[in-house]
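Here are the chains, one letter per residue:
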Amino acid sequence: MQLHRSIVTLAWLLAAACGAVLPVLISPAAAAGDPAAGKQVFETACSICHSAQQGRNSIGPSLFGVVGRQSAAVAGYTYSPPFKALGVTWDEATLDKYLAGPRAMVPGTKMTYAGLKDDPKRANLIAYLATLK
């Protein structure tokens, strides 16, 4: 996994140095992540409040299809006003920022989770969330 992360980082650095624009298919964080390890993170840190099943909300909204989805868009879930006003699309970079500090990104959110500070675990979690389609 370290070699893969190094290759991805090198590609991004070379493209930036040459002034190239890379098509953004997946962020370096998610590219470096391990979905299987991310599933374990999800099960221990997220599944208490969130489901990975489509249409199954719990304390928090279902995270099925979260990557690529507009914020506050899960039918049948009641979002807080700050979350309704967020107006972002959940891509890998936005999820990375949010998961690192939910209350910093969305002050007043009703989500009480303090955030996932461990970068590799967060990358793994994002890689797993990207598989939920």
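Residue numbers restart at each chain and count upward from 1, following the sequence in its written direction. Only residues with pLDDT of at least 70 are given local features in this predicted model, and only at 80 or more are side-chain atom pairs given and counted; all residues enter the totals for whole chains, interfaces and linings. Hydrogen atoms and water are omitted, and side-chain values are computed over all heavy atoms in the structure.

Asker: Can you walk me through the packing of aromatic side chains in this structure?
Answerer: To describe a pair of aromatic rings, one takes the distance between the centres and the angle between the planes. The criterion for an aromatic pair is that two Phe, Tyr or Trp rings (for Trp, the six-membered ring) have centres within 6.5 Å, with stacked assigned to planes under 30 degrees apart, edge-to-face to planes over 60 apart and tilted to the rest. Under the criterion given, the structure shown has six aromatic pairs. Each ring, one from tyrosine 77 and one from tyrosine 79, has its centre 4.8 Å from the other, and the planes form 75 degrees; the classification is edge-to-face. For tyrosine 79, a relative accessible area of 10% corresponds to the buried category. The interplanar angle of 90 degrees and the centroid separation of 5.8 Å between the aromatic rings of phenylalanine 83 and tyrosine 98 together place this pair among those described as edge-to-face. Residue phenylalanine 83 is located in helix H4 (residues 81–84), and its partner tyrosine 98 is located in helix H5 (residues 92–100); the two are separated by 15 residues in the primary sequence. In this scheme, a residue with accessible area under 20% of its type's maximum is buried, one over 50% is exposed, and one in between is partly exposed, where area comes from a 1.4 Å probe on protein chains only. With relative accessibility at 6%, the residue tyrosine 98 sits in the buried group. Numbering of helices and strands runs from the N terminus, with a helix taken as a DSSP run of H or I at least four residues long and a strand as a DSSP run of E at least two residues long.

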